[in-house]
Amino acid sequence: NGIGKKKMKAAASSADGAMAAVAADESLINPHTGQPETEDERDERTRLEKEATLTEEEKKTILVMGSYALFLSSLEQEYVKSLQHINPHTQEYIARLRDESMLVELLTKGQAYYQREECSPEAAILAQLCIEHLYYRHDSIAKHVDKATEFYRKYGEVEMLHPACIMSSNTKIESDFTKFHPASIQGKPTIRESTNEIVDSAELVSKLAAFVYQHGTDREKTRAMICHIYHHALHDRFTEARDLLLMSHLQDTISNAGDVSTMILFNRMMVNLGMAAFRLGKIWSAHQCLAEVCSGRVRELLAQGVSTGRFSDKSTEQEKAEKRRQVPYHMHINMDLLEACHLISAMLLEVPNMAAAEERRARVISRTFRKHHDIYDRQVFTGPPEQTRDFVMRASKSLGKGDWKTCANYLTSMEIWKLVPGVGAEEKIQSVLFEKIKLEGLRTYLFAFSSQYDSLSLTQLCGMFEMSKNEVHSVVSKMIINRELYASW
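Nothing here was measured: the structure is a model prediction, and the numbers come from that model.

Some words on the side chain of E350
- Among the structural elements, E350 can be located in helix α20 (residues 335-357).
- Excluding its chain neighbours within four sequence positions, the residues that come into contact with E350 are V364, I365, S366, F369 and R370.

In structure tokens form, the structure reads like this:
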């Protein structure tokens, strides 16, 4: 019974009881010196011996436990989480946004590393994350953001610059430091255009998306395709975006995705595609894209707000999951602009349809517009329009009477068009609206008042709607051919 507790424990826990008991009693001996050593000393000696056998090239390779791609993915998730929790109306949020370019740069380097190592699946993961931080930026905005980020990286905060360099004039100052501060010699620091590499965002996003299509999983391919379509639509490349959407059959397969965040991304893409069609004057396509998402609960479908109603049947866990899916504030789609595009496209389709319904039974094109129109009609007193919906409803009443000029004035004077990105975008939208309102005003007038006339003069119609004879002739002929207007030339 002279066996100690240590020997008994080793004997009980090992299959070779006797051998383990003997091993537990032995001390660690250094084979080079014959002296006893601890386990930590043995590990350090083994490490040094292994390092001595490495070549110079092998010494440059640092072994890291874990997955580098997984680490970058976690870093990206934490960055998005920080944006969700910071108040977007503070300087802290703007300061955090500066880190996005560094994150994209880090993801790009990680993708290049995995491509060199021929690890395509990991490279596709990082390429997809890169796309998700690039697809929502319009070129006109991205240029200024990148320039500001480069300035901060080189010179720091603008507030921290010395007052002498900010207030110095552009005139050349003699370098007499007894009279002038050294900071005033060079003037305010600037970032030259030549130092910024001019990047074609469309080519970059297409290149990254093509890599994901080739090497990514089904979920990554779906998200890359949605981001690719979104980027095309954002820059008014509606035809390319529509072709990608139709070729990918996303509308048929998205319901089987089973991923809520991917479905939210799809909703954002459809809304942006509809707004792109609206900016180009494709009213029917715009309404088709916007009608489903804008019919109700728009903020929830776009992950730009959480419904906290008194009669909500969501559990606490569901509410937390919904908050985690929220899109960062700088990626939001302006709700007033979205509502304006949806209601105006519905108005231009529904008002002529409502005028024609008095003569024949016509199907409802937009139930949402009809509901708002009926509510507006039932109001006892309607003051001057203030909100976007009020402007559209007031314009629709004028259009229904054939007063296209008043309708155009209401819609083109809305302040919301200033939020559309791009050079001259506001003027382009106003000119497109002006032409579309004239055309639909003519159709509405003919639907509403054609029964009051025995004959109409082409010259008179041209004067009333400020259109050329060919345009009026084309509109009236289409209505006659489609049996919308019973008349002849």
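Topic: helix α7 (residues 99-116)
- Its 18 residues place the ends of α7 26 Å apart at the C-alpha level, agreeing with the 26 Å of an ideal helix rising 1.5 Å per residue.
- Here α7 has its buried residues at E100, L103, V104, L107, G110, Q111 and Y114. The buried side chains of α7 occupy one side of the element, clustering within an arc of 125 degrees when seen end-on. Of the exposed residues in α7, those oriented more than 90 degrees away from the buried face are K109 and R116.
- Looking at the buried side of α7, the elements it contacts are α5 (68-85), α6 (91-97), α8 (120-132) and α12 (201-215).
- Just past α7, the residue E118 takes up positive phi, approximately 60 degrees.

Observations concerning helix α16 (residues 260-279)
- Taking 1.5 Å per residue, 20 residues should reach 28 Å; α16 reaches 29 Å between its end C-alpha atoms and fits that length.
- Positive backbone phi, at 85 degrees, marks G281, one or two positions downstream of α16.

Quick word on the nonpolar core
- Counting residues in hydrophobic clusters, the biggest one holds 107 residues, and the most contacted among them are M269, F278, L338, M347, L411, W417 and I437.
- It is α20 that contributes the most residues to this core, 14 residues altogether.
- Dropping the residues within four chain positions of it, I437 is found in contact with L348, L399, W404, C407, A408 and L411.

Describing a nonpolar patch on the surface
- Together, Y68, F71, L75, L106 and Y113 line one region of the surface with nonpolar side chains, adding up to about 430 Å² of accessible area.
- Residue assignment for the nonpolar patch shows that the elements contributing at least two residues are α5 and α7.
- At 3 residues, α5 tops the list of elements feeding residues into the nonpolar patch.
- Note on F71: relative accessible area 51%, which makes it exposed.

Rules and cut-offs
- For every chain, the first residue of the written sequence is number 1, and numbering continues from 1 along that sequence.
- At least 70 in pLDDT is required for a residue's local features to be given in this predicted model, at least 80 for side-chain atom pairs to be given and counted, and no such filter applies to totals for whole chains, interfaces and linings, which use all residues.
- Note that the side-chain values use all heavy atoms of the structure and ignore hydrogens as well as water.
- Secondary structure counts use DSSP, requiring at least four H or I residues in a row for a helix and at least two E residues in a row for a strand, with both numbered from the N terminus.
- Contacts are residue-level and defined by heavy atoms, with any inter-residue pair within 4.5 Å sufficient.
- What a helix is expected to span follows from its residue count: subtract one and scale by 1.5 Å.
- Only protein chains enter the accessibility calculation, which uses a 1.4 Å probe. A residue is then buried if its area is under 20% of the maximum for its type, exposed if over 50%, and partly exposed in between.
- Read the arc as the range of directions from the helix axis to the C-beta atoms.
- Throughout this description, the term nonpolar core refers to a set of buried Ala, Val, Leu, Ile, Met, Phe, Trp, Tyr and Cys residues connected via side-chain atoms within 4.5 Å.
- Residues enter a patch when their relative accessible area is above 30% and they make no salt bridge; the linking distance is 9 Å between like charges and 5 Å between nonpolar side chains (Val, Leu, Ile, Met, Phe, Trp, Tyr).
- Reported accessibility uses the Shrake-Rupley method at a 1.4 Å probe radius. Residues are deemed covered only where the shown protein chains occlude them.
- Take a side-chain nitrogen of Lys or Arg and a carboxyl oxygen of Asp or Glu: if they are within 4 Å of each other, that pair is a salt bridge.

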